Amino acid sequence: MPTSFNETIIEEFRANGGKVGGPFEGGDLLLLTTTGARSGTERTTPLGYVRHGELILLIGSNLGAPSHPGWYHNLLAHPVVRVEIGTSTFQALAVLAEGDRRDELFAHAVKRTPGYDDYQARTERVLPVVVLERADPDGWVPGEVRTLADKVMEVHTWLRGQVRQVAAEADTHFAGRADRRGPGQPPAPSLGLQIRQRCLAFCQALEFHHTSEDGHLFPGIARYHPGLGDTFARLDDEHRAVARIQTALAELLAGIAVAEPDRFRAELARMSAELNAHLDYEEETIVPLLADVPWPPAPPAPPANAATGPS
């Protein structure tokens, strides 16, 4: 099967520490791996990027075509992406710039790479500007992880930090809405894309965490602690309750603009309260049982009769 142009670039990029030749030689190029909006499969795309201070900007030019590129639709559905620059690989949160910020960042991109202005002139759509931000909440620093209990607590700390940051950004947004009330004021903005993307990222991470617990962690613990049946039944009920709230949030966030921001805020507050109560209970009942389980797990020991090498 012939190798596509993108696959050739990706192979060259990874084989040469992020350097490629041809039309991309000397330019700023990264590999963006997104999750398909419909397929759920990972897709990697080579993309030019622009630096603005510590920010990394992507422009959804699609060479001036009338529709947005596929990677743009993917990151709207799954905001956490994988980025490769040079020899570094990291996770990022893809956030779309809005309003004046978008215009400012696009002007900076055009100044650095004038071709983006040509692409904008070819199409009636506004070229989206995507900012790649840290996926972790502000101020979050991973601790030392030696046991499975440490690992679970690290995940819990991350989840709590994410929901606090989403709530703080929502409060800032609603304060801005309040400032625009009254005659002659411009219409209040919809719920910001940054809040939308971070909330989706949080919900997807929480779903993965609960799926892992239900499918692997809890059944493994239950085999050694059969007397905890009621505890696991309660945790299962709480997982379903949190999932219902996640579904409500996802429905509110289904579009780029959120039609019911007040309802979103109420659902977020309810999820925060239920999630924190759930994590507290899990830390009280389950985490102490994992204190002596090493993390990462040791590799399985070879069979006793396995050959140790050539005789």
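Up top you'll find the structure we're talking about.
Keep in mind that what you see is a predicted model, and the values were worked out from it rather than measured.

Caption draft 1: Representation of the sheet that holds strand β5 (residues 80-85) in the model. Spatially, β2-β1-β5-β6-β7-β4-β3 is the arrangement adopted by the 7 strands of the open sheet, whose pairing is antiparallel. The strands lining the two open edges of the sheet, one partner per strand, are β2 (42-48) and β3 (50-52). Averaged over all pairs of adjacent strands, the angle between strand axes in this sheet comes to 35°, irrespective of strand direction. Pairing between β5 and strand β6 (residues 88-96): 6 bridges, direction antiparallel. In the strand pairing of β6, Val80 is matched with Leu93. The strands touched by helix α3 (residues 99-112) within the sheet are β3, β4 (55-59) and β7 (129-134), with β3 carrying the most contacts at an inclination of about 120°.

Caption draft 2: Molecular detail of the packing of helix α6 (residues 193-224) against helix α7 (residues 229-252). Here α6 crosses α7 at 160°, and the two axes come no closer than 11 Å. By the criterion of interaxial angle, the relationship of α6 to α7 is roughly antiparallel. Note on packing geometry: the crossing formed by α6 with α7 is left-handed. Each of Cys199, Cys203, Leu206, Glu207, His210, Glu213, Asp214, Phe218, Ile221 and Ala222 in α6 lies in contact with α7, whose residues at this interface are Phe232, Leu235, His239, Val242, Gln246 and Leu249.

Caption draft 3: Broad picture of the pairing of β6. Counting the residues in the hairpin turn of β5 and β6 gives 2 residues, including Gly86, whose phi is positive at 60°. Pairing of β6 with β7, which is carried by 5 bridges, proceeds in the antiparallel orientation. Opposite Ala94, over in β7, you have Leu132 as the bridge partner.

Caption draft 4: Just the packing of helix α2 (residues 70-77) against α6, in detail. Packing of α2 against α6 leaves a shortest axis separation of 8 Å and a crossing angle of 65°. Considered as vectors, α2 and α6 are oriented roughly perpendicular to each other. Between α2 and α6, the contacting residues are Leu75, Leu76 and Ala77 on the first element and Arg196, Gln197, Leu200 and Gln204 on the second. Broken down by class, the residue content of the contact of α2 with α6 amounts to 4 nonpolar, 2 polar and 1 charged.

Caption draft 5: A look at the pattern of salt bridges. Summed over the entire model, instances satisfying the criterion amount to 14 salt bridges. Measuring nitrogen to oxygen at the nearest pair gives 3.4 Å for the salt bridge that ties Arg82 to Glu42. One end of the pair, Arg82, is in strand β5; the other, Glu42, is in strand β2, with 40 residues separating them in the sequence. Arg198 is the salt-bridge partner of Glu133, the closest N and O atoms lying 3.5 Å from each other. With Glu133 in strand β7 and Arg198 in helix α6, this pair connects stretches of sequence that are 65 residues apart. One exposure class covers both Glu133 and Arg198, and it is buried.

Caption draft 6: Molecular detail of the nonpolar core. Cys199, Phe202, Leu206, Phe264 and Met271 are the most contacted members of the largest nonpolar core, which has 22 residues in total. For this core, the elements supplying multiple residues, two or more each, are α5 (148-179), α6, α7 and α8 (261-285). Grouped together as the second largest cluster of nonpolar side chains are 19 residues, Leu47, Tyr49, Ile85 and Leu96 included.

Caption draft 7: Quick peek at unusual backbone geometry. Along the chain, Trp295 connects to Pro296 via a cis peptide bond; the corresponding omega equals 0°. Although it is not a glycine, Asn62 sits at a positive phi angle of roughly 50°. Within the secondary structure, Asn62 sits in the loop between β4 and α2. Overall, Asn62 belongs to the partly exposed group, its relative accessible area being 31%. With a phi angle near 60°, Leu63 is a residue other than glycine that sits in the positive phi range. Mapped onto the elements, Leu63 comes out in the loop between β4 and α2.

Conventions adopted
- Going along each chain's sequence as written, the residues are numbered from 1 onward.
- Residue-level local features of this predicted model are given only where pLDDT is at least 70; pairs of side-chain atoms are given and counted only at 80 or more, and the full residue set underlies all totals for whole chains, interfaces and linings.
- Water and hydrogen atoms play no part in the side-chain values, which are based on all heavy atoms of the structure.
- At least two DSSP bridges between two strands are required for those strands to pair.
- Numbering of helices and strands runs from the N terminus; a helix is a DSSP stretch of H or I covering at least four residues, while a strand is a stretch of E covering at least two.
- Every axis corresponds to a line fitted to the C-alpha atoms, with the helix fit spanning only the stretch in contact, and the corresponding angles, defined between N-to-C directions, vary from 0 to 180 degrees.
- By the convention used here, residues are in contact when the closest approach between their heavy atoms is within 4.5 Å.
- For classification, angles of less than 35 degrees are called roughly parallel, those exceeding 145 degrees roughly antiparallel, those between 65 and 115 degrees roughly perpendicular, and all remaining angles oblique.
- Here is the rule for handedness: rotate from the far helix to the near one, and if that takes an anticlockwise turn smaller than a right angle the crossing is left-handed, while a clockwise turn gives right-handed.
- Residue polarity is assigned by list, with Asp, Glu, Lys and Arg as charged and Ala, Val, Leu, Ile, Met, Phe, Trp, Tyr, Cys and Pro as nonpolar; anything else, Gly included, falls into the polar class.
- The working definition used for a salt bridge is a side-chain nitrogen of Lys or Arg within 4 Å of a carboxyl oxygen of Asp or Glu.
- Burial status follows relative accessibility: with a 1.4 Å probe on protein chains alone, a residue under 20% of its type maximum counts as buried, one over 50% as exposed, and anything between as partly exposed.
- In plain words, nonpolar cores are sets of buried Ala, Val, Leu, Ile, Met, Phe, Trp, Tyr and Cys residues tied together by side-chain atoms within 4.5 Å.

Keep in mind these values describe shape, not function.
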